[in-house]
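A closer look at the structure
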Amino acid sequence: MKNKTNFPSQEEEARPSRCPDNSAFKQQRLPAWKPQLNIVTVLSSFFLTGAFCLTVGVCLILSANSVREIQIDYSDKCSDCSKFRENSSNWNKECHCSVNFTLKEDILGDVFMYYGLQNFYQNHRRYMISRSDAQLLGRNVNIQRSYCAPFTTYKNGTPIAPCGAIANSMFNDTIDLFYNRNSSVVQVPLLKTGNSWWTDKNVKFRNPESYNLSSAFAGTARPPYWQKPVYLLDEGDERNTGYVNDDFIIWMRVSAFATFRNLYRRVRRIRHFADGLPAGNYTFRISYNFPVSKFKGRKHVILSTVVWSGGSNPFLGIAYVVSGTAATLAGFVITAIHLKLRKKKTYFQRQ
Amino acid sequence: MAFSVDSAWYRWQRLGAPSQAPSEPTPLLLPGRDNPKLSLNKWRIIFPSTGRQWKDWKQASTFYSGNGVQTTKYTWFTFVPQNLFEQFHRLGNLYFFFLVVLSWFPQVEIFHRGVTLLPLVVVLLPSMIKDAVEDYRKHQYDKTINSSKTRVYDKEERAYVERCWKDVRVGDFVQLQCNETIPADILLLHSSDQSGICHLETANLDGETNLKQRRVVRGLPGQNALFEPEFFQSTITCEMPNNNLNKFQGYMEQPNDERVGFNIESLLLRGCTIRNTEVAVGIVIYAGHETKAMLNNNGPRYKRSRIERRMNVDIFLCVGLLFVMCLIGAVGHGIWTGTFSEHPPYDVPDEYGNFLSPALAGFYTFLTMIILLQTLIPISLYVSIELVKLGQVFLIHNDIDLYDEAADLPIQCRALNIAEDLGQIQYIFSDKTGTLTENKMVFRRCTVDGIEFSHQENAKRLETHKELDLDDEDFPKLQHFTLPPPTLGRAAGAQQSPPGALRRCQSARARVQGHARSRSLGRRDSSQSQVAFSSTIEKDVTPDSRLLRRVREAALQTESLSPFIPTRTSTAFADFFLALAICNTVLVSTATEPRQRVTIPPPIKPPGITLEKIHQIFQRLKLASLSQSFSSSQSSSELGASFGARGPEEPLPALGSGDSSDRGDRGDSSDRRDSGDSTDMGPASLEEMLQSVSSSSLPPALCYEAESPDEAALVHAAQAYSFSLVSRTPERVTVRLPQGTLLTFDILHTLGFDSVRKRMSVVVRHPLTKEIVVYTKGADSVIMDLLEDSAGAEKRMKRIKEKTQKHLDLYARDGLRTLCIAKKVLNEDDFQKWANFRREAEAAIENREELLMETAQHLETKLTLLGATGIEDRLQDGVPDTIVALREAGIQIWVLTGDKQETAVNIAYSCKLLDQRDTVFTINTENKETCESLLDLTLEEVRKSYEWDKPRRKIFGIIPTAPEAPEAPSTEFGLVIDGKTLSLIFQGGLQEKFVSLARRCRSVLCCRSTPLQKGMVVRLLRGQLRVMTLAIGDGANDVSMIQAADVGIGISGQEGMQAVMASDFAIARFKHLKKLLLVHGHWCYSRLAKMVIYFFYKNVSYVNLLFWYQFFCGFSGSTMIDYWQMIFFNLFFTSVPPILFGVLDKDVSAETLLGLPELYRNGQNSEIYNLSTFIITMLDAFYQSLICFFVPYLVYKDSDIDVFSFGNPINTISLLTILLHQALEMKTWTLSQLVAMMCSLGFYLVFSLIYNAVCLLCNPPTNPYWILERQLSEPTFYLLCLLTPPAALLPRFFISALRGTFGSSLILKAQQIDKLPKGQRDLEIQKLRSRKATSGASPAPNDDLDQSISHLCVSPFLHPAAAAVSQGHTEGQGLSSSAVNPLRRGTPEEGYCFYNRWAEEESAATDSSAGPFAPSRGTAPGQGSGQVPKDRDSRSNSGSHRRSVSPVTL
């Protein structure tokens, strides 16, 4: 009996209270930092930002100004070739043209040669996806299941290597640079390799394994627009032909905009060109293969140096300067309002 | 949600079932035996599974569902398809599905198919798993339920055999033991209880733990014999299964064609538990899913919050935006494609070498763009909102300030998805009783026979209680000390109880302890058990000495059966207290075993308690013959049978004899009482409590369980005057008189209380005089009309009536609840006649309700007034404070109560709902036209004053912190309206006028309103003003308004659980509303609103990046960002910080929010999330996306950048911008938020680095290999990341800096205050508030303007001082103050009833309606003063047009 009557009291004590924990989290009393915008923090942040941006901006503009760049549009200068190419029956005939230009002063340092295309929408969705990375990795894959269509196989079933629209439309002009030095023409030595990303060249693009390249690509056919099969892209250099050809790799890296440039060659800094390109007359000799007139495109060849902040585009510097100015101005505006309101506030309080 | 679907499903199934039934040939219905109008689809016919009708039963039972239940939605095979099907009912999921389907078309395929599938999977899978687990649990539960055992009568074995629940069929006989759960809806045919009673506990059904009585079908022959199912031959006809828990009717057709009716009183509901009844036998009526419990099984309610509604609109705006964007893309692409005369090499033909026509290409682009820009529709928002709301509700639930220690109840959040609505409430509709007040009824005063007894001592006692309650904080300490003694006390108590006979009942112990402990624990206990159970404060009533003396005298006369006819007065006193003790439905139980109803006088106690012993011996001697039958009645059946024969003469011989011997006993008992009193009067010390413990265990402490607390209060009051209710059965009730005599009345009838009649009656046979007496107790307004015609009655009665009325009005003015007690003596013939009517009515099948009502009304006429009581219902603590704060927060508070007007008005004053300076309009009328013109006039009046102060407000409106809404209610009007007028308004289409008047009033009181009206008022306001409403209440009568309101709050208090069950949030005290709304409401709103808007911003700004790119890729649908990174951006990189923000951010601290309730207006006016903020945010998002896209674009323009190398910095920049934007929005930085921020960024970098390093081929045709790594090695990337986010956020930062520094919004001010140290903060808040008060007062002055109306309708409660002040300040407004003053001085009281009086005149002559108004508006003072006597005349002429107003007219 005694036990029984004691039981409920134990029960009562054992019964957990439904009282919530008095913990900082549950009571929403976690220690917290409450940033508050007041005149001091606001003004200092504006002025500091402004000062920083202006400094960086000026540096950037200065450095961008030190970039030397020459850009030559050769789609007009080679209009004959352009017309020649419009006739598709001439697809396998060669057409050459040359473009002269003069360097007023030396271009010092590493000089990069780019080809530029205008109005070529490499970023078109259906174009962009028309490739097979697996194939480019050298794997023996069934490219039927890739996105290469309709540049997957020929009608007879021969697979295209490399497949897809990107590869098919590869830029295939060859541009050589000649230095007219004292009426003797010296070909500027240009580096074909080392222009692409190291990872692309060594990881992302691989030739199929075989004892030689032609056998590796046996049973495949070149893309329809190409003049030669992929393993003959660079006949001189075993390590720069097939899928791992630098020009090919660079082309396969699809450009972000319709107007773009791709690195084509680097000036090899030997002999006359050890310091870069000396001033003087130069000639581009171009084997004109890539038709651009049908999409109202243009082709350029560009010689440029680079600096730490990128190329010749001064925009980043300008943007910094503009932002810096805006921030500083905002700081001044706030100061002005502050001064004005302080008077008014006393007015309010008096009232 | 799942639940509701279930029930809907079964309802549907059920719908299907009856449609088959009529088409069946029904051989089971023999045409001769059945009423032709009865058809199976209207009535259910049940044949017993035994006896001759076994065959019929066999056939019939095939129609009715078995008792097995299946609440699961799915089976193993149907789970996946069915679940998917259901999930696709959600629009968002369908949208995803659409996208997935789209992406299967190669023409528009943009992402890898898996990528599009991912969001769908992420959304579907968790809910699928949740559903599966839930369903499995249900399945398990069903299994245990279905296989639990019960005892069913078996025909072959002729005995009850154990069967599973699922095997029980309609028509089976089921035997139930005590504490057993009822397996189906069962018609009670037999109970072991002598009187055929069976007790139910319905806790499983509605959470109420008090016992409910069920009785065996009346008129069933052989009720007390052992019930043999074998011989039960009747056919039962009853209504089709429905979900009404309170209504059920049918009849039983016996073999001899006699019909016996029954109703809900005899139905045992599935899921309830049998209590206090040994054995009950019944026949199954409804089984399985057709039971009322199952049909009532609606799942949790789903409400949509205001923010969500707003959000859905904005989502449609986003859909529009998406459409426009896609259209731009489609058209752009079409045109772009069309510009080429020849297909360029980058225009790739399809598989077969065909080129698309520009139009088709455009169309495909359109679809592609939908996929591309899909995240513009922030589906992730839905998931995030669910999570955030869960978090918010979790925090609300865990708030220790919303925890009621006394009841051990934290706030219950029953609706998970409307927490933010708490921050937008504009109107609060509150119940009065139990919500504003404690609903702890304390007997305060009474008037008997026209004499008022003020009970001064009692009032004093209550005062001390009030003080004691303030020391409540101490009681947990005391609790520890007091615990051991009660244990001992209980041990003694347990010994006292007769062994064996009593069953242990579940909550008995807890209650004993609670009562033994202390008075403050009494409250705790009562609310814990959710029963209207009295605490000590209600139990102890200190009798008024004057009254006590009189009562004793009267009782003496009554008891001694003195030969001379007792004087009228003395019987009145005795009758009054008899009525208090008898006229109720209170259940009596002893303190030791509260659940065991006392049906017999307490048996002999063991030695040790001498007083008791002596008492018992006397009793025993006295009731020698009676006690025999009584005490043995429980076990012995044959004696019980004789007992059931109901001999009215039986108790008589014993009574009245032991008069002299009772003296000593009486003295003892009063001594005992005195000692009890003294303990109560003393301070709440430990000693005192111990003492009260020991003393309370001495008497046969009777506990009263009443349905409503006022009943208990009255019984306790009667007990205080030694008229204690000792036992009650449906047949008889025993009362102990002051002398100790036990008087047993036969109850001939009980007419229960209902809200229409507003009264209850018992018909008893007086054991001494053998008179048949009707005791009626009810609302004064009703009872007063039912008294004997004053013409016929003697003059004295008339006087008593008048006096009583006066007292009643006095009580009402003091805020007491009044009840009138009346009686009526019937002669035998009349009663027999009436009883026959009644029986017929009870047996009636159709419109029984009306018949019952009619008979009840027939009986309750020509009553004799005995007296009236005033019961105090104390205000809950913190109510005035809460109301003031809520009002400051801009919330309008209405009180909707069923109580009488005066009481309500008084409570309103005492809880500061109405101010003494307020002008109170009272509209009581019974005529529609009157009502209309009244409304018009009042409205006009209010408008006038409203316009008057409007220009002034503008002058002072320079203070930009208080942008008063144009429709802000003027602060100086109160409106009181009663239920009748309300119904006129609703019937007469005057809603608009009413609303436009009410919205301008500071507070509105609706008195005498029915539950339905409460709901209608809420709905009206919601519909007409489109405001956010909150309804708070504690009782079943508040359910309709709780359900009608946007937010329903239930107070888990004394009146059962219905309100809580219907509510969205359940709190324990009214004062919790303050923090709930002002703090949690504000937080939840601002958090969620900010989060929602942030999500819109986030999606738009991110998706726009992709859109801008379309202008540079010929609208072909390309992306510069890798798909996986894009999808992950929303799913992972930027999802956690906003969710944490939505749960944790505090813009202002809780203390400041409570200190400055005005801050609440922020949410009320939807200042954070409305169309303009949405648009501004959208514009900001556009701007930011422009910056984030075009800065990198211009930087990388004409370079050799490739697509994904271009996209990578954009993605990074945009992530930084979005996170920094969040940082700008965040007002509090806790560690978790900081960590989440950092983790988001870190996760992005780590994921991208790994993904870019590893993923060589995993996502053809795109290939992000080594891009981020390459980018990280270039300074341009860092320069961009440094520049762009600040540039993008510059405008926002600038503006928020401006606002933060110079802005004067209250929120900002509060944030500044928050940063101050504590003491200084309080000081600042005070300063702000006082400034508010002065600036607020000036536009709404309490001087001239206020007074200009006050002469019109001055509240009768106007404080004299206030009145005096007000008169002094009156300034001319077309009328000089001196001219008005004389008039006004005379009319403070008249003003109150002005409208009433006017209304009366109105009904006579509508034309003159403007008459009374014009003079009082202030023309000539002479005219006005002349008006007064005329008013008086008209008033007296029309009699008491409204009784409730009459106090003022006197």
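For chain B, the name recorded in an unreviewed UniProt entry is Phospholipid-transporting ATPase, with Pipra filicauda as its organism. Among the UniProt annotations of chain B, the heading Sequence similarities (unreviewed entry) holds the following wording: "Belongs to the cation transport ATPase (P-type) (TC 3.A.3) family. Type IV subfamily." Of the comments in the UniProt record for chain B, the one headed Cofactor (unreviewed entry) reads "Mg(2+)".

Looking at an unreviewed UniProt entry, one finds chain A named Cell cycle control protein, with Pipra filicauda as its source organism. What UniProt states about chain A under its Sequence similarities (unreviewed entry) heading is, verbatim, "Belongs to the CDC50/LEM3 family." Listed in UniProt under the heading Subcellular location (unreviewed entry), the comment for chain A reads: "Membrane".

Moving on, we come to the interface of chain A and chain B. Across the boundary between the two partners, chain A contributes 99 residues, which contact 109 residues of chain B. Roughly 8900 Å² of surface becomes buried between chain A and chain B when both sides are summed, with 64% attributable to carbon and sulfur atoms. It is Gln28, Arg125 and Phe257 of chain A in chain A that bury the most area against chain B; as a group they hold 9% of the surface buried on that side. On inspection of chain A and its partner chain B, the count reaches three salt bridges. The salt bridge involving Arg126 of chain A is made with Asp347 of chain B; its shortest N-O contact spans 3.1 Å. Taken together, chain A and chain B are joined by 26 residue pairs in polar contact (both at pLDDT 80 or more). Secondary-structure elements contributing two or more residues to the side of chain A that touches chain B are α1 (2-14), β1 (32-33), α2 (39-65), α5 (125-128), α6 (133-136), α8 (198-204), β9 (260-267) and α11 (315-350) of chain A.

This brings us to the pairing of strand β5 (residues 112-118) of chain A. All names here are of chain A. Within β5, six of the seven residues are buried, which leaves it mostly tucked inside the rest of the structure. Where β5 lies against β9, six bridges are found, and the strand directions are antiparallel. Paired with Met113 across the strands is Arg265, a residue of β9.

What follows deals with the pairing of strand β16 (residues 437-448) of chain B. Residues and elements named next belong to chain B. Across the 12 residues that make up β16, a large majority, 12, are buried. The pairing of β16 with strand β26 (residues 864-875) spans eight bridges and is classified as antiparallel. Its bridge partner lying in β26, Phe443 is registered against Ile871. Here β16 runs beside strand β17 (residues 451-453); their pairing, made up of three bridges, is antiparallel. Across the sheet, the residue bridging to Thr447 is Glu452, located in β17. The loop that links β16 with its antiparallel partner β17 comprises two residues; one of these, Asp449, has a positive phi angle of about 55 degrees.

To continue, consider the nonpolar core. Side chains of nonpolar character tend, in soluble globular proteins, to be buried together. Grouped together as the largest cluster of nonpolar side chains are 185 residues, with contacts concentrated most on Trp251, Leu277 and Phe284 of chain A together with Phe1206 of chain B. At 18 residues, helix α37 (residues 1072-1110) of chain B tops the list of elements feeding residues into this core. Both domains that furnish three or more residues to this core are identified here as domain 1 (45-67 + 311-332) and domain 2 (68-305) of chain A. Contacts of Trp251 of chain A, omitting those with residues within four sequence positions, involve Tyr115, Leu117, Phe120, Gln122, Tyr127, Ile166, Ser169, Met170, Phe171, Phe260, Asn262 and Phe290 of chain A. Of all hydrophobic cores here, the second largest spans 51 residues; its members include Leu547, Leu578, Ala706 and Ile747 of chain B.

Attention now goes to the UniProt feature "transmembrane region" (unreviewed entry) in chain A. The UniProt entry lists residues 37-63 and 318-341 of chain A under the feature "transmembrane region" (unreviewed entry), expressed in the numbering used here. Its end C-alpha atoms 37 Å apart, residues 37-63 of chain A is made of 93% helix and 0% strand.

Glancing now at the packing of aromatic side chains. All chains considered together, the criterion is met by 85 aromatic pairs over all chains. Centre to centre, the rings of Phe46 of chain A and Phe1293 of chain B are 5.3 Å apart; their planes meet at 45 degrees, and the pair counts as tilted. Residue Phe46 of chain A is located in helix α2, and its partner Phe1293 of chain B is located in helix α46 (residues 1275-1302); the two belong to separate chains. For Phe46 of chain A, a relative accessible area of 2% corresponds to the buried category. Ring centres of Phe1128 of chain B and Phe1132 of chain B lie 4.9 Å apart, and the angle between their planes is 65 degrees; on these two criteria the pair is classed as edge-to-face.

Next up on the list: the packing of helix α4 (residues 91-103) of chain B against helix α5 (residues 113-147) of chain B. Residues and elements named next belong to chain B. Where α4 contacts α5, the two axes come as close as 9 Å, and the packing angle between them is 160 degrees. Classed by the angle they form, the pair α4 and α5 counts as roughly antiparallel. Judged by the twist between their axes, the crossing of α4 over α5 is left-handed. Contact residues: α4 offers Asn93, Phe96, Phe97, Leu99, Val100 and Ser103, while α5 offers Arg113, Thr116, Leu117, Pro119, Leu120, Val123 and Leu124. Tallied by class, residues from the contact of α4 with α5 come to nine nonpolar, three polar and one charged.

Once that is clear, we can look at the sheet that holds strand β6 (residues 197-201) of chain B. Residue and element names in this part refer to chain B. Here three strands make up an open sheet; going across it, the order is β7-β6-β12 and the pairing antiparallel. Strands with a single pairing partner mark the edges of an open sheet, and in this sheet they are β7 (211-215) and β12 (273-275). Averaged over all neighbouring strand pairs, the angle between strand axes comes to 45 degrees, with direction disregarded. Sheet topology note: the β6/β12 ladder contains three bridges and is antiparallel.

Moving on, we come to the environment of Gln1013 of chain B. All names here are of chain B. Relative to the helices and strands, Gln1013 resides in helix α34 (residues 1011-1025). The class for Gln1013 is buried, based on a relative accessible area of 8%. Between the C-alpha atom of Gln1013 and that of Lys803, which follows or precedes it by 210 residues, the distance is 33 Å. Residue contacts for Gln1013: discarding those within four places in its chain leaves Gly979, Leu982, Ser983 and Arg1008.

Another aspect to go through is helix α10 (residues 379-397) of chain B. Residues and elements named next belong to chain B. Here α10 spans 28 Å end to end across 19 residues, near enough to the 27 Å set by a 1.5 Å rise per residue. Among the residues of α10, those classed as buried are Ile379, Leu381, Ser384, Ile385, Val388, Lys389, Gly391, Gln392, Val393, Leu395 and Ile396. Residues of α10 that are buried in the fold lie against α4, α8 (306-338), β14 (412-413), α37 and α39 (1136-1144).

This part covers the side chain of Asp1147 of chain B. Residues and elements named next belong to chain B. As for its placement among the helices and strands, Asp1147 is situated in the loop between α39 and α40 (1150-1155). For the buried Asp1147, which has no salt bridge, the nearest side chain bearing the opposite charge is Lys1090, at an N-O separation of 4.2 Å. Among the polar contacts listed, one links the side chain of Asp1147 to the side chain of His1082, at a separation of 3.0 Å. With sequence-adjacent residues up to four places away left out, Asp1147 is seen in contact with His1082, Trp1083, Ser1086, Lys1090, Lys1227, Ile1307, Gln1311 and Asp1314.

Attention now goes to the environment of Trp1108 of chain B. All names here are of chain B. Locating Trp1108 in the fold gives a position in helix α37. Residue Trp1108 is classed as buried on the basis of its relative accessible area, which comes to 11%. Between the alpha carbons of Trp1108 and Phe340 there is a distance of 22 Å; along the sequence they are 768 residues apart. In this view, Trp1108 contacts Phe1182, Ser1185, Leu1186, Phe1189 and Phe1190; residues no more than four positions away in its chain are not counted.

Before going further, it helps to spend a moment on the state of the cysteines. Residues and elements named next belong to chain A. Taken as a whole and judged by the stated rule, the model has three disulfides over all chains. The side chain of Cys148 participates in a disulfide bridge whose partner is Cys163; the two sulfur atoms lie 1.8 Å from each other. Here the residue Cys148 occupies a position in the loop between α6 and α7 (165-168), and Cys163 occupies one in the loop between α6 and α7, the gap between them amounting to 15 residues. Each of the two residues, Cys148 as well as Cys163, counts as buried.

All right, on to helix α2 (residues 54-63) of chain B then. All names here are of chain B. Buried residues of α2: Asp56, Trp57, Ala60 and Ser61, and no others. With its buried residues spanning 125 degrees around the axis, α2 presents them on a single face. α2 presents Lys55 and Thr62 as exposed residues on the side facing more than 90 degrees away from its buried surface.

With that settled, the discussion passes to the pattern of salt bridges. All names here are of chain B. What the rule picks out here adds up to 49 salt bridges over all chains. Arg765 is the salt-bridge partner of Glu828, the closest N and O atoms lying 3.2 Å from each other. Highlighted residues: Glu828 in helix α27 (residues 828-843) and Arg765 in strand β23 (residues 759-765), separated in sequence by 63 residues. With its nearest N and O atoms 3.3 Å apart, the salt bridge here joins Asp881 to Lys1074. Linking Asp881 in helix α29 (residues 879-888) with Lys1074 in helix α37, this pair joins segments that are 193 residues apart in sequence. Classification of Lys1074 by relative accessible area gives buried; the value is 16%.

Procedures and definitions
Residues numbered from 1 in each chain as written. Chains lettered and ligands numbered in written order. Predicted model: local features only at pLDDT ≥ 70, side-chain atom pairs only at ≥ 80, totals over all residues. Heavy atoms only, no water. UniProt positions renumbered as here; feature names shortened; annotations may be inferred. Contact = heavy atoms within 4.5 Å. Buried area = accessible area lost by both parts, 1.4 Å probe. Salt bridge = Lys/Arg side-chain N within 4 Å of Asp/Glu carboxyl O. Polar contact = N/O pair within 3.5 Å; in protein donor to acceptor, adjacent residues only side chain to side chain. Helix = DSSP H or I, 4+ residues; strand = E, 2+ residues; numbered from the N terminus. Buried < 20%, exposed > 50% of the residue type's maximum accessible area, 1.4 Å probe, protein only. Pairing = 2+ DSSP bridges. Core = buried A, V, L, I, M, F, W, Y, C linked by side-chain atoms within 4.5 Å. Domains from an automatic or database assignment. Phe/Tyr/Trp six-rings, centres within 6.5 Å; stacked < 30°, edge-to-face > 60°. Axes fitted to C-alpha atoms, helices over the stretch in contact; angles between N-to-C directions. Parallel < 35°, antiparallel > 145°, perpendicular 65-115°, else oblique. Left-handed = near helix turned anticlockwise from the far one by under 90°. Nonpolar A, V, L, I, M, F, W, Y, C, P; charged D, E, K, R; others polar. Expected span 1.5 Å × (residues − 1). Lys, Arg positive; Asp, Glu negative; His and termini not counted. Disulfide = S-S within 2.5 Å. Arc of directions from axis to C-beta.

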